[in-house]
Amino acid sequence: PLAAPPVSALLSPESRARKSRRRANQRAGRKMAPNNACGGGGLAANASSFWAGAVVGAMAVIGLWTKQRREDARKAGRQKSTSDDASDTISVEGSLMITLPSWAIASSTEYFSCRYTTDEEMMSLAIHLSDRNITEGTGGPFGAAIFERHEEEGYCTLISIGMNRVVPLGNSTLHGETMAIQLAQRKVGSYTLSVEEGGGDGTEHDDGLFYEDDDTDEGGEEKTEEKGGDDAAAAACHGGERRKRQFELFTSCEPCAMCLGATLWSGVSRIVCGATKADAQAIGFDEGPVYERSYEHLEMCGVKVTRKVLSEEAAKVLRRYGSSGLIYNR
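Just so it is clear, the structure is predicted and the values come from calculations on it, not from any experiment.

## Side note on the pattern of salt bridges
- Under the counting rule described, the total for this entry stands at 12 salt bridges.
- Close ionic contact of D119 with R149 constitutes a salt bridge, the shortest N to O distance being 3.9 Å. Of the two residues, D119 is situated in helix α6 (residues 119-136) and R149 in strand β4 (residues 143-150); the sequence distance between them amounts to 30 residues.
- In this structure R149 comes out as partly exposed when scored by relative accessible area, which is 24%.
- Among the ionic pairs, R132 bridges to E136, the shortest N-O distance being 2.9 Å. Placement of the pair is R132 and E136 together in helix α6, with a separation of four residues, close to one helical turn.
- You can call R132 partly exposed: its relative accessible area is 25%.
- Relative accessible area serves as the criterion here: at 29%, E136 is assigned to the partly exposed category.
- Residues joined in a network through salt bridges with shared partners are D119, R149, E248 and R270.

## Side note on α6
- Between the first and last C-alpha of α6 there are 26 Å, a value that for 18 residues agrees with the 26 Å anticipated at 1.5 Å per step.
- Turning to α6, its buried residues number three or more, namely D119, M122, M123, L125, A126, I127, L129, S130, N133 and I134.
- Following α6 by one or two positions, G137 has its phi on the positive side, about 70°.

## Overview of the sheet that holds strand β9 (residues 270-275)
- Ordered by their spatial adjacency, six strands build an open sheet running β3-β5-β4-β8-β9-β10, and the pairing between neighbours is mixed. The sheet is open, and its two borders are formed by β3 (115-116) and β10 (304-306), each paired with just one other strand.
- Sheet topology places strand β8 (residues 246-253) next to β9; five bridges connect them, and they run parallel. Across the sheet, residue F250 finds its bridge partner in β9, namely V272.
- Strands β4, β5 (155-163) and β8 of the sheet are contacted by helix α8 (residues 176-188), whose axis makes an angle of about 125° with β5.

## Examining the packing of α6 against helix α13 (residues 311-322)
- α13 packs onto α6 with a crossing angle of 15° between their chain directions and a minimal axis gap of 9 Å. Compared by their axis directions, α6 and α13 come out roughly parallel. Crossing geometry of α6 relative to α13 is assigned as left-handed. The residues of α13 that touch α6, namely those facing I127, S130, D131, I134 and T135, are E313, A314, V317, R320 and Y321.
- Among the residues making up the contact of α6 with α13, the classes are represented as five nonpolar, two polar and three charged.

## Observations regarding the pairing of β5
- Counting buried positions along β5 yields eight of nine residues, so the element is predominantly enclosed.
- Looking at chain direction, β3 and β5 are connected through two bridges and run antiparallel. Its bridge partner lying in β5, R115 is registered against T157.
- As defined by bridge partners, β4 adjoins β5 across eight bridges and the pair is classed as antiparallel. Bridge pairing in β5 places A145 opposite I161.

## Concerning the confidence of the model for the protein chain
- Taken over all residues, the pLDDT of the protein chain has a mean of 78, while the share at 70 or more is 60%.
- Overall, residues 30-45 carries pLDDT values under 50, and its contacts beyond four positions in sequence, including any with other chains, amount to five contacts.

## Describing the side chain of S160
- Looking at the secondary structure, you find S160 in strand β5.
- Judged by its relative accessible area of 2%, S160 is buried.
- Among the polar contacts made by the side chain of S160, one reaches the main-chain carbonyl oxygen of A180 at a distance of 2.7 Å.
- If we skip the residues at most four places from it in the chain, S160 touches F112, A145, I146, A180, L183 and A184.

## Here we look at the nonpolar core
- Formed by 37 residues in total, the largest nonpolar core has its most connected members in Y111, Y116, L125, F147, L158 and I161.
- Contributing elements (two or more residues each) for this core: α4 (102-106), α6, β4, β5, α7 (166-169), β8, β9 and α13.
- Among the elements that take part in this core, α6 stands out by supplying seven residues, more than any other.
- Not counting residues within four places of it along the chain, the set of residues in contact with F147 comprises Y116, M122, L125, C156, T157, L158, I159, Q246, F247, E248 and F250.
- Counting 20 residues, the second-largest nonpolar core is a separate cluster that includes I159, V195, Y295 and L298.

## Some remarks on the packing of α8 against helix α10 (residues 257-266)
- Taken N-terminus to C-terminus, the directions of α8 and α10 make an angle of 20°; their axes are 9 Å apart at the nearest point. Looking at the two axes, α8 sits roughly parallel to α10. When the axes of α8 and α10 are compared, the crossing they make is left-handed. Facing E177, T178, I181 and Q185 of α8, the residues of α10 in contact are M258, C259, A262, T263 and S266.
- Residue composition of the contact of α8 with α10, grouped by class: four nonpolar, four polar and one charged.

Rules behind the numbers
Residues numbered from 1 in each chain as written. Predicted model: local features only at pLDDT ≥ 70, side-chain atom pairs only at ≥ 80, totals over all residues. Heavy atoms only, no water. Salt bridge = Lys/Arg side-chain N within 4 Å of Asp/Glu carboxyl O. Helix = DSSP H or I, 4+ residues; strand = E, 2+ residues; numbered from the N terminus. Buried < 20%, exposed > 50% of the residue type's maximum accessible area, 1.4 Å probe, protein only. Expected span 1.5 Å × (residues − 1). Pairing = 2+ DSSP bridges. Contact = heavy atoms within 4.5 Å. Axes fitted to C-alpha atoms, helices over the stretch in contact; angles between N-to-C directions. Parallel < 35°, antiparallel > 145°, perpendicular 65-115°, else oblique. Left-handed = near helix turned anticlockwise from the far one by under 90°. Nonpolar A, V, L, I, M, F, W, Y, C, P; charged D, E, K, R; others polar. pLDDT = per-residue confidence, 0-100. Polar contact = N/O pair within 3.5 Å; in protein donor to acceptor, adjacent residues only side chain to side chain. Core = buried A, V, L, I, M, F, W, Y, C linked by side-chain atoms within 4.5 Å.

Take a look at the structure:
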């Protein structure tokens, strides 16, 4: 019988060429991937490993890049102000932190340790803040302070201070009054200063910061009963009725339209003004739609109004600023 022809004789020239190349590669130590089901699975596994590694690597690179950008933003924020490097407005992931100038923080012990008895003493502090703000180059010529009146004791204590920070911090809402209001509400722990004695939504601390009150003591025991007892005792001292705390806003100049609205919503019981709207407009500031009826509305809402306290001293600060300072309107 005739012998069967070799397999190679049945292959096409192209197949024989590929087979020869495979053998040559095998001899050279570069084994070609076999063209079968197992080989295809191996290729798929290798591809999956490759893409998994690529994704992990890309995430690591993005994380490092994001971290570097945040660090650069912080450094840029700290270097933004040469005259006030201890203060800044920092926006990180949707948050906003506002601080007082470094000189105000350094002098806070002096301001807060005093007891104030007259309108003139309290207005003098507001005017001092406006004047110092110009001298230090940390904002506009407006200062404000919020005091709590202790009627039975016959004196007032300082709760917060504020000064115009519009230009240094790039924020048109940071007028002296709004700064003082925000810091006072932060300290009291309430969105409004119209609170009862012992009131507020949390715990007030000596450092001026507010911490949420979870009604537990250090050992984890609930404090509700003790707190209720304190409240009852406070009410008993006043014939069974709890009185409102009295917070008063002193501002070196009559408020603009924004700050007058903020005064209404702040919960203060009284506002005391130094210089007039006309004094501010005389150096170029636009105070907006503030009229006599605006003050009448405050009175109707229970906010007492006192104007022109040390008005000449306050106007002098405005005129000093007007000679060379930036007039920042809209």
